[in-house]
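Residues per chain are reported as follows:
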Amino acid sequence: MDTVWMKEEEIYKAAELLKQGEVVSFPTETVYGLGADATNDAAVKKIYAAKGRPSDNPLIIHIANLAQVNEYAQGISEKARIVMEHFWPGPCTLVLNKKGPLAETVTAGLDTVGIRMPDHPIALKLIELSGKPLAAPSANSSGRPSPTSAEHVYHDLKGKIAGIIDGGETGVGLESTVLDLSDSCKPVILRPGGISKEALEAVIGPVIFNPELSSQSDVPMAPGMKYTHYSPSEPVVIVSENGIGWKKAIHHYENKGEVIGLLASEDIIKEFKTTHNCSFSLGDKQDIASASKRLFKGLRYFEKTKATVILAESYNRIGIGEAYMNRLEKAAGNKVI
């Protein structure tokens, strides 16, 4: 299959491809999505095939207006309405009780569906032009770091999808927060993301945070709960401030003959960058938003270098730092030094 690289002004071409049951990648404010008509089962199955994604891993549907929520969800609570009012459009997905003509493969057989309204003009226009909600996971091969540019999508999915709309680099850089409100009494964060627990609690009160609600034998309620994610080709090791420290970590891996890639803040890179290693800056240590935006790009960067192991900096689990650490821990398989 030829993968058509499209500019923003070619969005009408992309919408026509979607209407024909094809799969198209498009930018959102979080990462690039891989979209298909969420009511077309054959089209949605093309998403799973292109990504190599397990069929029991549900997809999030993306909408362009609030009227579509009432078309595809039922029993919507007051708390859900409040979250929509405060955080839509934006990086927040709500898990609600489903209704309407959604493809069975979107929800992996569950009675719930994840819905969000992206905060990106290209995404919103594409959904509007297609006339349907778009099922859209991240546009990467399953298990790989999520794509924050059209180039990342092309690297993973060239020849597997119909087209890519190039909208430049994404803004947030991490996927949306997934909030389960299918039970209105117990708001639960299933996946941390661009909207923090603190921000949600400021408008709806107490929120439970437990991203490991699903066992390996269960059907996960949201993406990112069950399978290994975000892994580059090189092993990733988290360097904890409470661990043996950067100096000892670098010494340990250099003695093993490894070529080290430093995925860290400017301060760490300035202190430990040598001619024997390579680096990718996450920005200022105090700027967790910058680190989150650059994390996936950094994980992919080292595939173009001679690095054989990536030493990645940990950040405090405050605000979006919770999402940053969630993604980094999955990329590292929870390996900390």
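These figures come from a predicted structure and were not determined experimentally. (Residues numbered from 1 in each chain as written. Predicted model: local features only at pLDDT ≥ 70, side-chain atom pairs only at ≥ 80, totals over all residues. Heavy atoms only, no water.)

K.L.:
If you had to explain the sheet that holds strand β13 (residues 236-239) to someone new, which residues and values would you point to?
P.N.:
On the basis of which strands lie adjacent, the open sheet formed by 4 strands has the order β13-β16-β14-β15 and parallel pairing. On the outer flanks of this sheet lie β13 and β15 (278-281), each paired with one strand and no other. In this sheet, neighbouring strand axes are inclined to one another by 20° on average, regardless of whether the strands run parallel or antiparallel. Judged from the 4 bridges that link them, strand β14 (residues 260-264) and strand β16 (residues 309-313) form a sheet pairing that is parallel. (Pairing = 2+ DSSP bridges. Helix = DSSP H or I, 4+ residues; strand = E, 2+ residues; numbered from the N terminus. Axes fitted to C-alpha atoms, helices over the stretch in contact; angles between N-to-C directions.)

K.L.:
Break down a negative patch on the surface for me, citing the residues and quoting the values.
P.N.:
Together, Glu 266, Asp 267, Glu 271, Asp 284 and Asp 287 make up a region of like negative charge exposed at the surface. Within the element layout of this structure, Glu 266 appears in helix α10 (residues 266-272). For Glu 266, a relative accessible area of 33% translates into the label partly exposed. (Patch = residues over 30% accessible without salt bridge, like charges linked within 9 Å, V, L, I, M, F, W, Y side chains within 5 Å. Areas by Shrake-Rupley, 256 points an atom, 1.4 Å probe, with all protein chains shown as cover. Salt bridge = Lys/Arg side-chain N within 4 Å of Asp/Glu carboxyl O. Lys, Arg positive; Asp, Glu negative; His and termini not counted. Charge placed at Lys NZ, Arg CZ, Asp CG, Glu CD. Buried < 20%, exposed > 50% of the residue type's maximum accessible area, 1.4 Å probe, protein only.)

K.L.:
Which residues make up the side chain of Glu 234, and what are the values?
P.N.:
Residue placement: Glu 234 occurs in the loop between β12 (208-209) and β13. Of note is the side chain of Glu 234, whose polar atom sits 2.7 Å from the side chain of Ser 233. Once you skip the residues sitting within four places of it in the chain, Glu 234 turns out to touch Leu 299, Phe 302, Glu 303, Ala 307, Thr 308, Val 309 and Ile 310. (Polar contact = N/O pair within 3.5 Å; in protein donor to acceptor, adjacent residues only side chain to side chain. Contact = heavy atoms within 4.5 Å.)

K.L.:
Tell me about the nonpolar core, and please be specific about residues and values.
P.N.:
Counting 45 residues, the largest nonpolar core has Val 83, Trp 88, Leu 94, Leu 96, Leu 179 and Leu 200 as its most contacted members. When residues in this core are grouped by element, the largest group, 5 residues, is from helix α2 (residues 41-51). The contact partners of Leu 200, leaving out residues within four places of it in the chain, are Val 83, Phe 87, Cys 92, Thr 177, Leu 179, Ile 189, Ile 195, Gly 205 and Val 207. With 26 residues, the next largest nonpolar core counts Ile 238, Leu 295, Phe 296 and Leu 328 among its residues. (Core = buried A, V, L, I, M, F, W, Y, C linked by side-chain atoms within 4.5 Å.)

K.L.:
Kindly report on the packing of aromatic side chains, identifying the contributing residues and their values.
P.N.:
Counting across every chain of the model gives 5 aromatic pairs. Put simply, the rings of Phe 280, Tyr 301 and Phe 302 touch in pairs and so form one group of aromatic residues. Its end group placed over the ring of Tyr 315, Lys 285 keeps NZ or CZ at 4.1 Å from the ring centre. (Phe/Tyr/Trp six-rings, centres within 6.5 Å; stacked < 30°, edge-to-face > 60°. Lys NZ or Arg CZ within 6 Å of the ring centre and 35° of its normal.)

K.L.:
Could you give an account of the packing of helix α11 (residues 288-301) against helix α12 (residues 321-332), naming the residues involved and the relevant values?
P.N.:
Following both chains from N to C, one finds α11 and α12 inclined at 20°, their axes separated by 9 Å at the closest point. In terms of axis orientation, α11 runs roughly parallel to α12. As for the relative orientation of α11 and α12, their crossing is left-handed in sense. Between α11, through Ile 288, Ala 291, Ser 292, Leu 295, Phe 296 and Leu 299, and α12, the contact on the second element is made entirely by Gly 321, Tyr 324, Arg 327, Leu 328 and Ala 331. Here the residues of the contact of α11 with α12 sort into 8 nonpolar, 2 polar and 1 charged. (Parallel < 35°, antiparallel > 145°, perpendicular 65-115°, else oblique. Left-handed = near helix turned anticlockwise from the far one by under 90°. Nonpolar A, V, L, I, M, F, W, Y, C, P; charged D, E, K, R; others polar.)

K.L.:
I'd like to hear about unusual backbone geometry, residue by residue, with values.
P.N.:
Residues Trp 88 and Pro 89 are joined by a peptide bond in cis, for which omega reads -10°. Structurally, the position occupied by Pro 89 is in the loop between α4 (78-87) and β6 (92-98). Despite not being glycine, Ala 108 shows a phi value in the positive range, around 55°. For Ala 108, the location among the structural elements is in the loop between α5 (104-107) and β7 (112-116). Its identity as a non-glycine residue notwithstanding, Asn 334 has a phi of 65°, on the positive side. Mapped onto the fold, Asn 334 is located in the segment after α12.

Geometric descriptors of this kind do not, in isolation, establish any biological role.
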